[in-house]
Amino acid sequence: MCSLVTQHNFKTTCAGGTVSVMFKQPFCATGMNAAVRATVRMGIYTGAKVYFVHEGYQGLVDGGDNIKLATWESVSMMLHLGGTVIGSARCMDFKEKWGRLKAACNLVKLGITNLCVIGGDGSLTGANQFRTEWSELLADLTKEGKISAEEAKRSSHLNIVGMVGSIDNDFCGTDMTIGTDSALHRIIEVVDSITTTAQSHQRTFILEVMGRHCGYLALVTALACGADWVFIPEMPPEENWEEHLCKRLIAQRGRGSRLNVIILAEGAQDRNQKPITCDQVKNLVSKKLGFDTRSTILGHVQRGGTPSAFDRILGSRMGVEAVMALLEATPETPACVVSLSGNMAIRLPLMECVQVTKDVTVAMTEGRFEDAVKLRGKSFQNNWDTYKMLAHSNINIAIINVGAPCAGMNAAVRAAVRVGIIQGHQMLAVHDGFDGLANGQIEPIIWAQVGGWTGKGGSNLGTKSLIQMLMPLSPCQAYLGGLELVTAREMYEELCIPMVVIPATVSNNVPGSDFSIGADTALNTITMTCDRIKQSAAGTKRRVFIIETMGGYCGYLATMAGLSSGADDAYIYEEPFHIRDLELNVEHLIEKMKTSVKRGLILRNSNANENYTTQFLYNLYSEEGKGTFDCRMNVLGHMQQGGTPTPFDRNFGTKMGSKSVLWLTDKLKECYRHGRIFANMPDSACVLGMKKRSLVFQPLASLKDDTDFEHRIPKTEWWLRLRPILKILAKYDTVEMDTSEVAAMEHVIKKTGSLPASQKSCTK
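Residues numbered from 1 in each chain as written. Predicted model: local features only at pLDDT ≥ 70, side-chain atom pairs only at ≥ 80, totals over all residues. Heavy atoms only, no water.

Novice: Go over the overall build of the protein, please, and point to the residues and values.
Specialist: Looking only at helices and strands, the protein features 26 helices and 27 strands. Burial statistics for the protein: of 764 residues in total, 59% are counted as buried. Put simply, the protein shows about 29,600 Å² of open surface, and 51% of that area lies on carbon and sulfur atoms. (Helix = DSSP H or I, 4+ residues; strand = E, 2+ residues; numbered from the N terminus. Buried < 20%, exposed > 50% of the residue type's maximum accessible area, 1.4 Å probe, protein only. Areas by Shrake-Rupley, 256 points an atom, 1.4 Å probe, with all protein chains shown as cover.)

Next comes the structure, spelled out in structure tokens:
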């Protein structure tokens, strides 16, 4: 059942009939407001009449003033707010049938036959029970005379679509739940603050994060900060863990580390299901090792704060997809939950996801910890495998940073160095990019040197763009450099060695990868800057901001920042625009100024158009808006490349670095012939990229056909499909949305693999 729940509803006219929708939110998770905003606006866009139902299931039961009409403007200026603007309350009434009867009556009176539920597994299970007994509830209400037979007929079935809001990321079937990324931001901010103190005083810090039944936050935090040890409920430590932990901490100090960091999930336990607490670990370390030890319990600070760019975009995408799912639903359609798989929004059977989520708890209770990790999904399992590899301690492998520095590069280098050392290789650092390679600026790099690199922005190895001298119009520095080296193999046998390129650029323009290291940090910087710029106009009405973002010819940053900050439009190179488009945008803003929302935000990618520059747009908007609104212009510049890396970039860089070295190790063995290494096959020089939800190696040469070398961008870019959502949520009337890739219902069982025999009967 639900605990803390908020709700709101809307009613849509479609294909001559009436479709109604309601939303609920349980535990407050930052980013939920983005989901509420997107679902309301998408519903209104499709002809919906939208209602807020305040105070969760309790508001649904009580009805009356708890159900209020929502308008387009009522969800404005909420993207940057944490928690939920429509309130939450614990509701015991909905657990009783008489409470659900009252809730059903309120829905029938409003003509509501569809529910969009934002919550955890308890809220979603409660909603599914409500749907299952809907016919019975209608019959009882008709018998009692509370609704007419015609009303019962009009509301004869109930459709449900769920969105998961939980900072623990404990719902099986989705890579991420709304609120998780924002919680990681809060945690990492604290870790960064603590580690500077700990390093100064040579302390050991123990940090307890949330996660009673799921160790995701603890696990990713450990990866993102380079923790020495992590305790999670899914995989308790082996017997005699106290001795192993102490040996690990001593070994780290022996390597020159001035601090130790231990991450503990609040639900951590040993293999006998006995809780492991902060105090227990603190007493162990301080008494047995004599280390100056401190412990911190973060608590509910993890739930608050401003939502990250990722959570805003995730909530917006899920909200839009939820409306699409409800519009396509039939009485035979099972309740589904909108999930994230890689970069795709997908639909999964709600109760299958709930069942597998419960199966994780059963597996942990029965001591089947390997099954518990597997049931959490591939993303969780990959994180665990990476952590295990990095937490333990011939051939030379060189690491080189090329092009402009970006946040997350150092995390990738740290992981690559440590995994390489574990594999028995000598790791070499090339300073100042290809310039340093040409001038012999190469030196060994050891375990201790990269100890604190994970949280540092920029590039500690240094970068230079000598590669631009070879081909000025390269799509990205490292990718082109790799191609040049592969081509030169014909002339120089010394270059017949395995090579791997890790995409690291704020522009996210590397062929062969959906994401690049550094792009998420830049996106968050832009989003937070837009928040502040909009806030600066809080006391000034009728103002439009024109903001220029980085990205070269790639419009990723402008588009995604537009989604996360609620922009009115984002001009990019990939989507040509003309003077008539600019006129329509001005007219759109003039109409917007007549509403209660008297602010506008326009983003422009730096190379969106040769002639329609940012200055030109500022002049045009200023002239055409004269008397209606005034304009301000901001060029964000290189601040987008700086700052400490986000949790995503730290984690992504760590996994990319470690996976690259493991691949190189296998390739070195494969290419070792007659006492030397000789690699000249196409698959011996690859780009490691994320495609949908997998990290895959693709030969550099095979990506040529998908590369626009002149403009340094891939020819196919997945995020372009999200641009119509930006326009819809900004209230443009005529928007063409590509529905050729409508999310189809998938089965979560297939995503988690075969279940143990004892569990299969539970999911049927």
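Novice: Any details on unusual backbone geometry? Residues and values, ideally.
Specialist: The phi angle of most residues is negative, glycine excepted, and most peptide bonds adopt the trans form. Of note, N169 is a non-glycine position whose phi angle comes to about 55°, a positive value. Counting through the fold element by element, N169 comes out in the loop between β7 (159-164) and α7 (180-201). One non-glycine residue, N508, lies in positive phi territory at about 55°. For N508, the position within the fold is in the loop between β17 (499-501) and α19 (519-536).

Novice: So what's going on with the packing of aromatic side chains? Which residues, and what values?
Specialist: Scanning the entire structure with this criterion turns up 15 aromatic pairs. For the pair W663 and F697, a centre-to-centre distance of 4.9 Å together with 15° between the ring planes defines the contact as stacked. Remark: F697 occurs in strand β25 (residues 694-699) and W663 occurs in helix α23 (residues 647-670); sequence separation between them is 34 residues. The class for F697 is partly exposed, based on a relative accessible area of 24%. Among the aromatic residues, those joined into a ring-pair cluster are Y57, F94, F130 and W134. (Phe/Tyr/Trp six-rings, centres within 6.5 Å; stacked < 30°, edge-to-face > 60°.)

Novice: Describe in detail the confidence of the model for the protein, supporting the description with residues and values.
Specialist: Across the protein, the average pLDDT comes to 84, with 90% of residues at or above 70. When the criterion is pLDDT under 50, residues 1-22 qualifies, and its contacts beyond four places in sequence or with other chains add up to 132 contacts. Predicted confidence is poor over residues 754-764, with pLDDT under 50, and the contacts of this stretch with residues over four places away or in other chains come to 16 contacts. (pLDDT = per-residue confidence, 0-100. Contact = heavy atoms within 4.5 Å.)

Novice: So, the sheet that holds strand β10 (residues 260-265): which residues are in play, and what are the values?
Specialist: Reading across the sheet, the four strands line up as β9-β10-β8-β11 and stay open at both edges, with parallel pairing between neighbours. One side of each edge strand has no neighbouring strand; the edge strands of this open sheet are β9 (229-231) and β11 (293-297). The sheet shows a mean angle of 15° between the axes of neighbouring strands, direction not considered. When strand β8 (residues 204-209) meets β10, the two strands line up parallel, connected through six bridges. Residue pairing across strands places T204 opposite N260, the latter belonging to β10. Lying over the sheet, helix α8 (residues 216-225) contacts β8, β9 and β10, oriented at roughly 165° with respect to β10. (Pairing = 2+ DSSP bridges. Axes fitted to C-alpha atoms, helices over the stretch in contact; angles between N-to-C directions.)

Novice: I'd like to hear about the nonpolar core, residue by residue, with values.
Specialist: Across soluble globular proteins, nonpolar side chains show a tendency to be buried alongside one another. One finds F231, L245, I262, I263 and V281 to be the most contacted residues of the largest nonpolar core, which totals 94 residues. In terms of residues, this core owes the most to one element, α8, which gives eight residues. Ignoring sequence-local partners within four residues, the contact set of F231 consists of A218, P237, W241, L245, I262, I263, L264, A265, A268, I276 and V281. In this structure, Y556, L557, A567 and M690 belong to the second largest nonpolar core, which totals 52 residues. (Core = buried A, V, L, I, M, F, W, Y, C linked by side-chain atoms within 4.5 Å.)

Novice: Outline the sheet that holds β25, listing residues and values.
Specialist: The strand order β17-β24-β25 describes an open sheet built from three strands, whose pairing is mixed. The outermost strands of the open sheet, each flanked by one partner alone, are β17 and β25. Ignoring which end each strand starts from, the neighbouring axes of this sheet average 30° apart. Direction of pairing for strand β24 (residues 685-691) relative to β25: antiparallel, over a ladder of six bridges. The residue of β25 that forms the bridge with K691 is S694.

Novice: Account for the packing of helix α1 (residues 32-45) against helix α11 (residues 309-328), with residues named and values stated.
Specialist: Their axes nearest at 7 Å, the elements α1 and α11 cross at an angle of 35°. Crossing of α1 against α11: the hand is right-handed. Contacts between α1 and α11 involve A34, A35, A38, T39, M42 and G43 from the former and D311, R312, G315, S316, G319, V320, V323 and M324 from the latter. A class-by-class count of the residues in the contact of α1 with α11 yields seven nonpolar, five polar and two charged. (Left-handed = near helix turned anticlockwise from the far one by under 90°. Nonpolar A, V, L, I, M, F, W, Y, C, P; charged D, E, K, R; others polar.)

Novice: So what's going on with helix α9 (residues 241-254)? Residues and values would help.
Specialist: Residues separated by three or four positions in an α-helix point in the same direction, a consequence of the helix having 3.6 residues per turn. Here α9 spans 20 Å end to end across 14 residues, near enough to the 20 Å set by a 1.5 Å rise per residue. Those residues of α9 not exposed but buried are W241, L245, C246, R248, L249, Q252 and R253. Taken down its axis, α9 places every buried residue within 160° of arc, on the same side. Exposed side chains of α9 directed beyond 90 degrees from the buried face belong to K247 and G254. (Expected span 1.5 Å × (residues − 1). Arc of directions from axis to C-beta.)

Novice: Outline the pattern of salt bridges, supporting the account with residue identities and numerical values.
Specialist: A full pass over the atoms with the stated rule returns 31 salt bridges. Ionic pairing is found between R368 and D371, a salt bridge with its closest N-O pair at 2.9 Å. In this structure R368 comes out as buried when scored by relative accessible area, which is 19%. Residue K592 pairs with D568 through a salt bridge whose shortest N-O separation is 2.9 Å. Residue K592 is found in helix α21 (residues 579-592), and its partner D568 is found in the loop between α20 (556-565) and β19 (569-571); the two are separated by 24 residues along the sequence. For D568, a relative accessible area of 2% gives the class buried. Among the ionic contacts, a cluster of salt bridges with common partners joins K97, E136 and D140. (Salt bridge = Lys/Arg side-chain N within 4 Å of Asp/Glu carboxyl O.)

Novice: If you had to explain the environment of K153 to someone new, which residues and values would you point to?
Specialist: Within the element layout of this structure, K153 appears in helix α6 (residues 149-154). Residue class for K153 comes out exposed when judged on its relative accessible area of 68%. Linking K153 and L138, residues 15 residues apart in sequence, is a C-alpha distance of 9.0 Å.

Novice: Explain the side chain of D168 to me, and be specific about the residues and the numbers.
Specialist: With respect to the helices and strands, the residue D168 is situated in the loop between β7 and α7. Of the buried charged residues, D168 lacks a salt bridge, with R303 as the closest side chain of opposite charge at 5.3 Å. For D168, the contacting residues outside a window of four places in its chain are T180, M210, G211, C214, Y216 and L217. (Lys, Arg positive; Asp, Glu negative; His and termini not counted.)

Novice: Run through helix α4 (residues 121-132), naming residues and quoting values.
Specialist: A rise of 1.5 Å per residue sets the reference length of α4, with its twelve residues, at 16 Å; its end C-alpha atoms lie 16 Å apart and thus fit the reference within 8%. Those residues of α4 not exposed but buried are G122, S123, L124, G126, A127, N128, F130 and R131.

Novice: Can you tell me about the environment of Y556, naming the residues and giving the values?
Specialist: By the element assignment, Y556 lies in helix α20. Judged by its relative accessible area of 4%, Y556 falls in the buried class.

Novice: Describe the environment of S166, naming the residues involved and giving the relevant values.
Specialist: Take S166: it is sitting in the loop between β7 and α7. The residues touching S166, leaving out its near neighbours within four places in the chain, are A29, T177, I178 and T180. Only 3.1 Å separates the side chain of S166 from the side chain of D170, close enough to count as a polar contact. (Polar contact = N/O pair within 3.5 Å; in protein donor to acceptor, adjacent residues only side chain to side chain.)

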